[in-house]
Amino acid sequence: MIGKDASTQSLGIIPCAISWLFKLINERREKTGTRFSVRVSAVEIYGKDENLKDLLAEVATGSLQDGQSPGVYLREDPICGTQLQNQSELRAPAAEKAAHFLDAALAARSTSKPDCDEEDRRNSHMLFTLHIYQYRMEKSGKGGMSGGRSRLHLIDLG
């Protein structure tokens, strides 16, 4: 899923998806004048108890948070099902910034610690999400806007 930085041939699915998404956004922006905003979130599900950790909490707050982020939780929605709530969502105006956040998330994973054993690696999963907000000015002359939100979930299983 991650690949290696050695060359473009060895990049994984997640870095390629980031590059592809921003390429398409730039093409759409040029053709239609649509405005886009991309935000990134990353959550680790780890351990036998399936604890949740906001992998970008340190980047978002600028301070070290040890252990589980107290704000991330699951909520049952009767229509949409189980929803992840309250994770950090950081603005990524370019592919390079999104890739920087991916690197930060990987460094914050529990499997990046030197004392991590094989069982811990198997019980660590990362959900890296690109949140795409799209806005377009209506041509009706009333000054209205239309838009929506899409998500691209990329999962790295242990």
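Now for a description of the structure that goes with this document.

The rules behind each value
- Residues numbered from 1 in each chain as written.
- Predicted model: local features only at pLDDT ≥ 70, side-chain atom pairs only at ≥ 80, totals over all residues.
- Heavy atoms only, no water.
- Helix = DSSP H or I, 4+ residues; strand = E, 2+ residues; numbered from the N terminus.
- Buried < 20%, exposed > 50% of the residue type's maximum accessible area, 1.4 Å probe, protein only.
- Polar contact = N/O pair within 3.5 Å; in protein donor to acceptor, adjacent residues only side chain to side chain.
- Contact = heavy atoms within 4.5 Å.
- Axes fitted to C-alpha atoms, helices over the stretch in contact; angles between N-to-C directions.
- Parallel < 35°, antiparallel > 145°, perpendicular 65-115°, else oblique.
- Left-handed = near helix turned anticlockwise from the far one by under 90°.
- Nonpolar A, V, L, I, M, F, W, Y, C, P; charged D, E, K, R; others polar.
- Patch = residues over 30% accessible without salt bridge, like charges linked within 9 Å, V, L, I, M, F, W, Y side chains within 5 Å.
- Areas by Shrake-Rupley, 256 points an atom, 1.4 Å probe, with all protein chains shown as cover.
- Salt bridge = Lys/Arg side-chain N within 4 Å of Asp/Glu carboxyl O.
- Lys, Arg positive; Asp, Glu negative; His and termini not counted.
- Charge placed at Lys NZ, Arg CZ, Asp CG, Glu CD.
- Pairing = 2+ DSSP bridges.
- Expected span 1.5 Å × (residues − 1).
- Arc of directions from axis to C-beta.

Turning next to the side chain of S88. Topologically, S88 is positioned in the loop between β4 (81–85) and β5 (90–91). Judged by its relative accessible area of 14%, S88 is buried. There is a polar contact of 2.7 Å between the side chain of S88 and the side chain of D54. S88 has contacts with V40, S41, D54, L56, A57 and A60, leaving out every residue within four places of it along the chain.

This part takes up the packing of helix α1 (residues 13–32) against helix α3 (residues 95–108). Packed helices, taken two at a time, are described by the angle between their axes plus the distance between the axes. At a minimum axis distance of 9 Å, the contact between α1 and α3 shows a crossing angle of 155°. Between α1 and α3, the angle falls in the class roughly antiparallel. Between α1 and α3 lies a crossing of right-handed hand. Judged by residue contacts, I14, P15, I18 and F22 of α1 engage A95, A98, A99 and L102 from α3. Partitioning the contact of α1 with α3 into residue classes produces eight nonpolar, no polar and no charged.

Taken together, the side chains of D115, D117, E118 and D120 present a region of like negative charge at the surface. Structurally, E118 can be placed in helix α4 (residues 118–122).

Below, the discussion takes up the pairing of strand β1 (residues 35–46). With nine of its 12 residues buried, β1 lies for the most part within the structure. Looking at chain direction, β1 and strand β2 (residues 51–54) are connected through four bridges and run antiparallel. Opposite Y46, over in β2, you have N51 as the bridge partner.

Attention now goes to the pairing of strand β3 (residues 73–77). Pairing geometry for β3 and β4, over five bridges, is antiparallel. Among the inter-strand pairings, E76 is bridged to a residue of β4, identified as T82. Joining the antiparallel neighbours β3 and β4 is a turn of three residues.

Looking now at α3. Given 3.6 residues to a turn, an α-helix orients residues that are three or four positions apart in the same direction. The end-to-end C-alpha separation of α3 is 20 Å, in line with the 20 Å expected for 14 residues at 1.5 Å each. Those residues of α3 lying buried are A98, F101, L102, A104 and A105. Down the axis of α3, the buried set is contained in an arc of 165°. They therefore lie on one face. Opposite the buried face of α3, at more than 90 degrees from it, the exposed residues are E96 and A107.

Turning to the side chain of R109, a few remarks are in order. Residue position: R109 is located in the loop between α3 and α4. Taking the relative accessible area as the measure of exposure, R109 reaches 6% and is therefore buried. There is a polar contact of 3.0 Å between the side chain of R109 and the backbone oxygen of S124.

An ideal rise of 1.5 Å per residue puts 28 Å on 20 residues; α1 measures up with 28 Å between its terminal C-alpha atoms. When we look at burial in α1, the residues that qualify are I14, P15, A17, I18, L21, F22 and I25. The arc that holds every buried residue of α1, seen down its axis, measures 160°, which confines them to one face. What points out from α1, more than 90 degrees from its buried face, is the exposed set I13, K23, E30 and K31. Where α1 ends, the next residue or the one after it, G33, has phi of about 75°, a positive value.

On their own, these measurements won't tell you what the molecule is for.
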